[in-house]
Amino acid sequence: MQTVITKMQKKKRNLIILILGLLSALGPFSIDLYLPGFPEIARDLNSTTGRVALSLSSYFVGVSLGQMIYGPLLDRFGRRTPLLVGLFIYLFASVYMVYVTSVDSLILARFIQALGGCAGMVAARALVRDLFPVTETAKIFSLLMLVIAVSPIIAPTLGGFATAHWGWHSIFIILAALVALNILLVYFWLPLGAPPDTTMSLKPKPIMTKFWNVFKTPQFYTYTLTGSFAASGLYAYIAGSPHVFMELYGVSEKQYGWIFGIIAMGLVTASQVNTFMLKKYTSQQIVKVTLLCQVVAGALLFFGTIFHLIEMYSMIVLVFLFLSTQGFAFPNTSALSLAPFEKSAGTASALMGALQLGIGAIITALVSTLSNETPLPMTGIMFLCASVSVTILYWGNRKIKTLERVSIS
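These lines cover the structure that appears in this document, whether it is placed above or below.

How each quantity is defined
Each chain carries its own residue numbering, running from 1 in the direction its sequence is written. Given that the model is predicted, a residue must reach a pLDDT of at least 70 before its local features are reported, and side-chain atom pairs must reach 80 or more before they are shown or counted; all residues, however, enter totals for whole chains, interfaces and linings. Only heavy atoms go into the side-chain values, all of them from the structure, while hydrogens and water stay out. Under this scheme, a helix contributes an axis fitted over its contacting stretch, all axes are lines through C-alpha atoms, and angles between N-to-C directions fall in the 0 to 180 degree range. Think of it this way: any DSSP run of H or I at least four residues long counts as a helix, any run of E at least two long counts as a strand, and we number them from the N terminus. In this scheme the handedness of a crossing depends on how the near helix is turned from the far one: anticlockwise by less than a right angle means left-handed, clockwise means right-handed. Working rule for contacts: check all heavy atoms of both residues, and any pair within 4.5 Å makes them a contact. Three classes are used, and their members are as follows: Ala, Val, Leu, Ile, Met, Phe, Trp, Tyr, Cys and Pro are nonpolar, Asp, Glu, Lys and Arg are charged, and the others, Gly among them, are polar. For the purposes of this section, nonpolar cores are sets of buried Ala, Val, Leu, Ile, Met, Phe, Trp, Tyr and Cys residues that join through side-chain atoms within 4.5 Å. Only protein chains enter the area calculation, which uses a 1.4 Å probe; residues under 20% of their type maximum are buried, those over 50% are exposed, and those in between are partly exposed. Given a helix with a known number of residues, its expected span is that number minus one, times 1.5 Å. Whether a set of points on the 1 Å grid over the protein atoms alone is a cavity depends on a 1.4 Å probe fitting there but being unable to get out, while an open set qualifies as a pocket with protein on both sides within 12 Å along at least five of seven lines; lining residues are those with an atom within 4 Å of a point. Grid points are joined across faces, edges and corners, and a volume is the space filled by probe spheres set on the points. Pairing of aromatic side chains requires ring centres within 6.5 Å, counting the rings of Phe and Tyr and the six-membered ring of Trp. Pairs whose planes differ by under 30 degrees are stacked, by over 60 edge-to-face, and all others tilted. Two cysteine sulfur atoms form a disulfide, by the criterion used here, when they sit within 2.5 Å. Here a salt bridge means any side-chain nitrogen of Lys or Arg lying within 4 Å of a carboxyl oxygen belonging to Asp or Glu.

Section: the packing of helix α10 (residues 218–248) against helix α15 (residues 345–370)
Here comes step 1: Packing of α10 against α15 brings their axes to within 8 Å, and their N-to-C directions diverge by 35°. With respect to the hand of their crossing, α10 and α15 are arranged in right-handed fashion. Residue-level inspection shows Phe220, Thr224, Leu225, Gly227, Ser228, Phe229, Ala231, Ser232, Tyr235, Ala236, Ala239 and Gly240 of α10 in contact with α15, the latter providing Ala348, Leu351, Met352, Leu355, Gln356, Leu357, Ile359, Gly360, Ile363, Thr364 and Val367.
Here comes step 2: Here the contact of α10 with α15 is composed, by residue class, of 15 nonpolar, eight polar and no charged.

Set out below in structure tokens:
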């Protein structure tokens, strides 16, 4: 399939990238916006921040499972219809959460919200593969990161302000308004992308076979799992940071929002530096160096916590460095994961996202379960994720090179 960006459409390139970025950012924004509200939600619902954090895990589970559903649907029916259905589900769940009266209801509602919102994440990645040449996808993902990365800068600050002035329920009103905007942009201005594949079966066995054929491609599983564990270090931080900064270090909701935003600036900056780095280096080279830097930052966080060498400001600096690497890792591992696929971009995008968020769900639940009166659960798991990511990268690249030598001979 040829890319569908025509000369006329290239004039709208920035608008298309912005819409795709907003769709991709819907998930991160849904997470970051309500983090400052954890203590107030816990008090209002007669629970604990650890229990409220399980709503974060349920969101990850919903996104992971939902992407497996939307992938085949996006390939079979085209991008627009499944995308709009998902966004309306998200809108319904967001409105419902304004009225929840228990943590269990919140956890369930977040799961439903995730089932809807993940449609935007899957469709955005598939549309990048549909609308742009393979040689440009890493750069496009970097530009999407600029939009996505604005989320952790704006969202916690906005969430802290909204919680302090209007209560935590206002957070979900904001999310409902955001998804309503997304619906309008998709309907009126987003190109359709790849045409529906009417030959594709939606029966369970063919779908699972297609997922398996995608997964067993060495380039896919290497860079998808590498990127998933690298991103899980970010999810460990997201799950653990409200407890670490607001309860252990005693900062307010507003201060936490500013800290979260400052740290996220590293991710924003790195994602844009990545576009320039791609002019000189390959995605493979950038990923390799990036993840080694992440391991070093993770090790300093972990051992610094063990030996009580870390206080709040050094924690901020090291987490800033750790998360900056994600600005390089995400666009390049995403592009490398999807590069082998053309007709199955929706399925490949869904599987990549499901693995990433599925691992993220386990990581956030683990951080919540191990939560104690130290930053160790957060920093230890961040270091673990970085180490596993590098291990998979080196093992997978050896496998790819071995297969390349065999095919040549």
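Things to note about the nonpolar core
Here comes step 1: Counting 116 residues, the largest nonpolar core has Leu20, Leu190, Tyr237, Ile238 and Phe245 as the members making the most contacts within it.
Here comes step 2: For this core, the element with the most residues is helix α6 (residues 103–131), which contributes 14 residues.
Here comes step 3: Contact partners of Leu20, with chain neighbours within four places excluded, come to Ala124, Leu127, Val128, Phe132, Leu144 and Leu190.
Here comes step 4: Counting residues in hydrophobic clusters, the runner-up holds nine residues, among them Val287, Leu291, Ala329 and Leu336.

What to know about helix α2 (residues 13–32)
Here comes step 1: Over its 20 residues, α2 extends 28 Å from the first C-alpha to the last, a length consistent with the 28 Å expected when each residue adds 1.5 Å.
Here comes step 2: For α2, the buried fraction is high: 14 of the 20 residues fall into the buried class.

Description of empty space enclosed by the protein
Here comes step 1: Using the criterion set out here, one finds three cavities of 30 Å³ or more in the structure.
Here comes step 2: By volume, the largest cavity is sized at about 520 Å³.
Here comes step 3: In this structure, the largest cavity is lined by 32 residues; those nearest its centre are Pro28, Ile148, Leu234, Tyr235 and Gln356.
Here comes step 4: Elements with a minimum of two residues in the lining of the largest cavity: α2, α4 (49–77), α6, α7 (137–166), α10, α11 (253–277), α14 (326–338) and α15.
Here comes step 5: A per-element tally of the lining of the largest cavity places α7 first, with six residues.
Here comes step 6: Of the residues contributing to the lining of the largest cavity, the split by class is 24 nonpolar, six polar and two charged.

Description of the packing of aromatic side chains
Here comes step 1: What the rule picks out here adds up to 18 aromatic pairs.
Here comes step 2: Taking 6.5 Å as the distance between ring centres and 50° as the angle between the ring planes, the aromatic pair formed by Phe245 and Tyr256 counts as tilted. Highlighted residues: Phe245 in helix α10 and Tyr256 in helix α11, separated in sequence by 11 residues.
Here comes step 3: Owing to a relative accessible area of 0%, Phe245 belongs among the buried residues under this scheme.

With respect to the state of the cysteines
A covalent bond bridging the sulfur atoms of two cysteines is what the word disulfide describes.
Here comes step 1: Under the criterion given, the structure shown has zero disulfides.
Here comes step 2: This cysteine, Cys293, is not joined by any disulfide, and Cys385 carries the nearest cysteine sulfur, 17 Å off.
Here comes step 3: Relative accessible area serves as the criterion here: at 42%, Cys293 is assigned to the partly exposed category.

Let's talk about the layout of surface pockets
Here comes step 1: Space inside the largest pocket adds up to approximately 270 Å³.
Here comes step 2: As for the largest pocket, its lining consists of Gln219, Tyr223, Gln284, Lys288, Leu393, Tyr394, Asn397, Arg398, Ile400, Lys401 and Glu404.
Here comes step 3: Among the elements of the structure, α10, α12 (283–306) and α16 (376–408) are those that each provide at least two residues to the lining of the largest pocket.
Here comes step 4: Sort the elements by how many residues they give to the lining of the largest pocket and α16 lands first, with seven residues.

A closer look at the pattern of salt bridges
Here comes step 1: Evaluated as defined, the whole model comprises five salt bridges.
Here comes step 2: The partner of Arg51 in a salt bridge is Asp104, and the shortest N-O contact between them spans 2.4 Å. Pair noted here: Arg51 is in helix α4 and Asp104 is in helix α6, with a separation of 53 residues, a long-range link.
Here comes step 3: Accessibility expressed as a relative area gives 47% for Asp104, which makes it partly exposed.
Here comes step 4: Of the charged contacts in the structure, one is a salt bridge between Asp75 and Lys210, with a shortest N-O distance of 3.9 Å. With Asp75 in helix α4 and Lys210 in helix α9 (residues 204–215), this pair connects stretches of sequence that are 135 residues apart. Comparing Asp75 with Lys210 shows no difference in burial state: the two are buried.
Here comes step 5: Each of Asp75, Arg79, Asp130 and Lys210 takes part in a single network of salt bridges with overlapping partners.

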